[in-house]
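# Descriptive analysis of the structure
Residue strings, one per chain:
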Amino acid sequence: MIVAVIALGLLAGASGLLLGFAAIRFKVEGDPMVEQIDAVLPQTQCGQCGYAGCRPYAEAIAAGEADINRCPPGGQNGIAALAELLGRDPKPLDPESGIEKPKMAAVIDEQSCIGCTLCIQACPVDAIVGAAKHMHTVIARECTGCELCLAPCPVDCIHMIPFAPSITTWKWTYPAVEVKAAA
Amino acid sequence: MSALFPFHGGLKTVRHKTESNQTPIQAGILPPRLTVPLRQHIGAIAKPLVQPGDRVLKGQMIGQPDGYISAAIHAPTSGVVSAVDQQPVPHPSGLSDLCVTIESDGEDRWIDREPVDYHRLHPSELRQTIRNAGVVGLGGAGFPSAVKLNLAGRSEPLATLMLNGAECEPWITCDDRLMRERAAEIVAGLQIMAHLLGPAEVLIGIEDDKPEAIAAMTAACAGTSYEVRPVPTRYPSGSVKQLVKLLTGRETPVDGLPVDVGVQCFNVATAYTVYRAIHCGEPVISRVVTVTGQVHRPGNLEVLIGTPFAELIKQCGGYRDGVERLIMGGPMMGFALHSDEAPVTKAANCLLAAGPAELAAELPVLPCIRCGACMDVCPANLLPQQLYWHARAKEFDQARDCHLFSCIECGCCSHVCPSHIPLVQYYRYAKNEIWAQEKEKQRAEQARQRHQARMERLEREKQEREAKLRQKAPVRTEVVPHLDPLISVPSPTKGEGSGQVG
Ligand code: SF4
Ligand code: SF4
Ligand code: SF4
Ligand code: SF4
């Protein structure tokens, strides 16, 4: 078990390095507007906006083909950021594309996993590791919560779980004060 | 006496020191069960070294520092580990964190303690010993001291090593009592720090409402070049940047550290633990905690880390009537505990059982009248009113431009605001939001790169496949239709770039 964990860890680390390198080596020079829009999008790569990923959606917005309220993972804050960037008015999220949900991560039930690799093929960010016919695991740190791996799984062993509140992610909330009008 | 350089703003507060500083430090009782959090410091959480069922000795390392900015954690007494799991810890959220729970065997049996002669150690070995003893800033910050004792990479020698004995917050007296009773040990610890840092001067800042502590520390410094400098009693003189300004006149840059202006500063209690680590071979497993406010016998207790706060209250005679809140730290910068079952940590300097008299009455919040009182008291020289407008409107970029991150959350502004606006709450909220957004951005960027790399890999594989197909084209014409990849049943390896051909 330990060996497997270490092996996976090393694998994850190594692929991370490789990806970092690849990102620099194969950087696509593109339209600066698309770059800027893409930088605001959450990169969940879920396709709920109706495009094949965040970048295609960014291209569509830049081309004036898509509205700015189609990304559920980005939510209302994301729409506000896009509006700010493009000098437009924010608007509510288009319910056709989905609803805003708390961030979640996929977990594979390792007892039921048959090692079919279908989820690996579906994951847009290579967040799942495992070899054919062996148990697969989601690297929680890399999972964007896009849910694309759920449907292909033939034994329904992948579930989305919300991030548990922890000391390291806990935040002070907006002060709940009621301002009395001055007399 | 040398000149002082007053900092901007600050407050005269009601001291409330005599409630707890009239009696000597008492030894805390040995509780039957100790819950020791593995995160009691700034930096990475310590890695547990024990499992349920393990026997541990007092002083045995049970959590290993994980990385450079991290700290070791030790068993405060001997006994059996009953759990390594999530337990409530003292934190404003009231959430749990990873803790080692030890059932005490009542023997309190130590590991072999080995005092070391620090003059014979290489500086890096000495730092390692301090690191392995779990020494962190005991003034409340909890920053690993070994890191601050390493000046490698700085070209200039250190001008000033400073010891902070100001203890400016109302109610808290643990450093006062420690200085009165254990000045020689504190100075011995300071000598070790000076040995590592080689400063041009060593200054000890103590607020002038502690004449006994000043006298004791001055006596302990006799024969050394160390200077005790009484400073006027003015909150927050014990805040690092303000004390640096007071004693040296140097202004720490907005986004910098005191070491950037040649000063390294430690709390007196930290120096004491360095002494115990080196001269006694004892890691940090206890600390002095002020227990005050609405308890029957306020005072200072030297308690084991991991002792439930309720035990401290019990030892001080229990709660008096009308306790509304239990505060860890002082009334200005402390926070309310969710339960008195949470354990003492290295950062726990004070436990204040607050009743209506100790709590500022919650008055109705009125609109800001732009009076500027907040600006006049801000020791960080900020424009609290401006910060408030931006934080309230969630204009985080502007708040940051107004030096939000220089705010030390001292609470002076909220304290004087005639409109009773909880200003600090807004600043904390804004800081947390900015950090969270930053983390979110990093995650998104990582996902973007991984996605792009995947797309490139798929594209490359597709081309390779096509190239292979082209090579084998003559053979392919004979292939029976059901083997065509487009209509074959999904096979596990399909799309992964192998197996379709041949
Ligand atoms: S909906 Fe948002 S996160 Fe999902 S692919 Fe579209 S832009 Fe990306
Ligand atoms: S593991 Fe599943 S939910 Fe997570 S990023 Fe990959 S496909 Fe999406
Ligand atoms: S003290 Fe309060 S009312 Fe006065 S300017 Fe500051 S925030 Fe406004
Ligand atoms: S809490 Fe921040 S803004 Fe307010 S007085 Fe203190 S440093 Fe200044």
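See above for the structure.
## Description of the overall build of chain B
On a plain count of helices and strands, chain B comes out with 13 helices and 17 strands. Its C-alpha atoms give chain B principal-axis dimensions of roughly 100 × 65 × 55 Å. Here chain B holds 502 residues, and the buried ones make up 51% of them. For chain B, the share of sequence-separated contacts (at least 6 apart) that also reach a separation of at least 24 residues comes to 72%. As displayed, chain B has an accessible area near 22,400 Å², and 53% of this comes from carbon and sulfur atoms. Side chains of chain B carry 52 positive and 55 negative charges; the gap between the two charge centres is 4 Å.

## Re the site of ligand 4
All names here are of chain B. Taken together, 13 residues lie near ligand 4, and Cys378, Cys407, Cys410, Gly411 and Cys413 sit nearest. Residue assignment for the shell around ligand 4 shows that the elements contributing at least two residues are α11 (412-416) and α12 (423-471). Of the residues assigned to the shell around ligand 4, the class counts are 11 nonpolar, one polar and one charged.

## A word on the nonpolar core
All names here are of chain B. Residues Ile130, Leu161, Leu163, Ile186, Ile204 and Met217 are the most contacted members of the largest nonpolar core, which totals 57 residues. Of all the secondary-structure elements, those providing two or more residues to this core are α1 (123-132), β9 (160-165), α3 (174-197), β10 (201-207), α4 (211-220), α6 (268-279) and β17 (350-354). By residue number, the principal contributor to this core is α3, which donates 13 residues. Contacts of Met217, omitting those with residues within four sequence positions, involve Leu163, Met179, Ala183, Ile186, Val187, Ile204, Ile206 and Val228. Judged by nonpolar contacts, the second largest core, of 33 residues, contains Val295, Leu326, Met328 and Leu351.

## Considerations on helix α3 (residues 54-62) of chain A
Residue and element names in this part refer to chain A. Listing the buried residues of α3 in full gives Cys54, Tyr57, Ala58, Ala60 and Ile61. Mapping the buried residues of α3 onto a view down its axis gives an arc of 160°, with all of them on the same face. Where the residues of α3 are buried, they touch α2 (32-40) and α4 (75-86). Following α3 by one or two positions, Gly64 adopts a phi angle in the positive range, close to 75°.

## What to know about the packing of aromatic side chains
Within the structure shown, the criterion is met by nine aromatic pairs over all chains. Three or more aromatic residues joined by ring pairs form one cluster here, namely Tyr174 of chain A together with Tyr388, Trp389, Phe396, Tyr426 and Tyr429 of chain B. The cationic tip of Lys148 of chain B hangs over the ring face of Phe266 of chain B; the distance from NZ or CZ to the ring centre is 4.5 Å. The ring of Trp172 of chain A is capped by Arg428 of chain B, whose NZ or CZ atom sits 4.6 Å from the centre of that ring.

Calculation notes
- Residues numbered from 1 in each chain as written.
- Chains lettered and ligands numbered in written order.
- Predicted model: local features only at pLDDT ≥ 70, side-chain atom pairs only at ≥ 80, totals over all residues.
- Heavy atoms only, no water.
- Helix = DSSP H or I, 4+ residues; strand = E, 2+ residues; numbered from the N terminus.
- Buried < 20%, exposed > 50% of the residue type's maximum accessible area, 1.4 Å probe, protein only.
- Contact = heavy atoms within 4.5 Å.
- Areas by Shrake-Rupley, 256 points an atom, 1.4 Å probe, with all protein chains shown as cover.
- Lys, Arg positive; Asp, Glu negative; His and termini not counted.
- Charge placed at Lys NZ, Arg CZ, Asp CG, Glu CD.
- Near = heavy atom within 4 Å.
- Nonpolar A, V, L, I, M, F, W, Y, C, P; charged D, E, K, R; others polar.
- Core = buried A, V, L, I, M, F, W, Y, C linked by side-chain atoms within 4.5 Å.
- Arc of directions from axis to C-beta.
- Phe/Tyr/Trp six-rings, centres within 6.5 Å; stacked < 30°, edge-to-face > 60°.
- Lys NZ or Arg CZ within 6 Å of the ring centre and 35° of its normal.

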